[in-house]
Amino acid sequence: MSANQAMPASIAAVQVGAPRKRRASNKGLWVGLAMLAPNLLGFLVFYAGPMVAGFGISFTHWDMLSSPKWAGLANYRQLFNDDLIRVSLKNTLIYSLITIPGGMVIALALAMAVKETVRLGTLYRSLFFLPVVTSTIAVALIWKSIFNTDYGLLNWLLDLAGLPPVGWLSDSRWAMVSVSLVSIWKTMGYNMVILLAGLFAVPQHLYEAAAIDGAGAWRRFINVTLPMLSPTLFFVLVISVISSFQVFDQVYVLTDGGPGNATLVYNYYLYQNAFDFFKMGYASAMAYALFALIFLITLFQVKFLNKRVQYDQV
């Protein structure tokens, strides 16, 4: 058989094999989609669907008992005329200014201490991370008993020291500080683990070179640790800002927004409008306004603060 006579047979074999490959490829695609289906369905039902519905509800007046009534931009205009919106934003900002720098400094100190503790490092990491995986409601209930004015642990210690009791949750001067301390204690383990990973990534020879040049511990921290840790610190800062503007559980359990709206944060006021006042349209508008605010703050961080981050690792 000549080469020319063999060519049609080979072409036919290729043509027969191609559909089989396509069928196998399609089968793999359907198997992959079937495996993704549970998560994809959950995302559509519990995330994408409510997001689209909430956006539509934000343009209506709806009390969940009667049919929604079209309101246009009335809910969004009301945001600028609501005094409690300004109060809640101010309280959220105060909360953020306490928890973000305080939490990052404590987490960094813990990460550096754990890094130097070779033998018990794993144990300490587990102990500090334990509050992160504990329910926020459970943590808040425990701290509520610690903060109790009459029988709480903190006031008992103050009494031993001969100091007067403090209304940790009932005094407007201390309520936000108390809520912030609980949040710092709850999240410091998570930030510590992230910063610890960043510390282990710092090349050791940089510390050795700095020590040879006569740099002390503080100079090594300023000139080596902080610059090389800046990408990790930037990440922790971004997620901390986002988390601080979404605080709710601690306020709900500890203070219920009081005393006198001293701890009325934005998310708690949103909850009140939705489930206490049954203003679902206004609460939905608040939710999307919060989304826009967090998006703009994060964009600012990425655009401007990111320029100071040193990504080049030596």
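Scoring rules and cut-offs
- Residues numbered from 1 in each chain as written.
- Predicted model: local features only at pLDDT ≥ 70, side-chain atom pairs only at ≥ 80, totals over all residues.
- Heavy atoms only, no water.
- Helix = DSSP H or I, 4+ residues; strand = E, 2+ residues; numbered from the N terminus.
- Buried < 20%, exposed > 50% of the residue type's maximum accessible area, 1.4 Å probe, protein only.
- Contact = heavy atoms within 4.5 Å.
- Axes fitted to C-alpha atoms, helices over the stretch in contact; angles between N-to-C directions.
- Parallel < 35°, antiparallel > 145°, perpendicular 65-115°, else oblique.
- Left-handed = near helix turned anticlockwise from the far one by under 90°.
- Nonpolar A, V, L, I, M, F, W, Y, C, P; charged D, E, K, R; others polar.

A.B. asks: Would you mind going over the overall build of the protein chain with me for this structure?
C.D. replies: A count of helices and strands for the protein chain gives 12 helices and 2 strands. If you list the helices and strands of the protein chain from N to C, you get α-β-β-α-α-α-α-α-α-α-α-α-α-α. Scored against the burial criterion, the 314 residues of the protein chain give a buried share of 36%. Long-range contacts, defined here as pairs at least 24 residues apart, represent 67% of the contacts in the protein chain between residues at least 6 apart.

A.B. asks: What's the story with the packing of helix α11 (residues 266-276) against helix α12 (residues 280-303) in this structure? I'm lost.
C.D. replies: Two quantities define a packed helix pair, namely the angle between the axes and the distance from one axis to the other. Where α11 meets α12, the axes come as close as 7 Å, and the angle between the chain directions of the two elements is 160°. Of the possible angle classes, the one that applies to α11 and α12 is roughly antiparallel. As for the relative orientation of α11 and α12, their crossing is left-handed in sense. Here Tyr266, Asn267, Tyr269, Leu270, Asn273 and Ala274 of α11 come into contact with α12, specifically with Met280, Tyr282, Ala283, Met286, Ala287, Ala289 and Leu290. Grouping the constituent residues of the contact of α11 with α12 by class yields 11 nonpolar, 2 polar and no charged.

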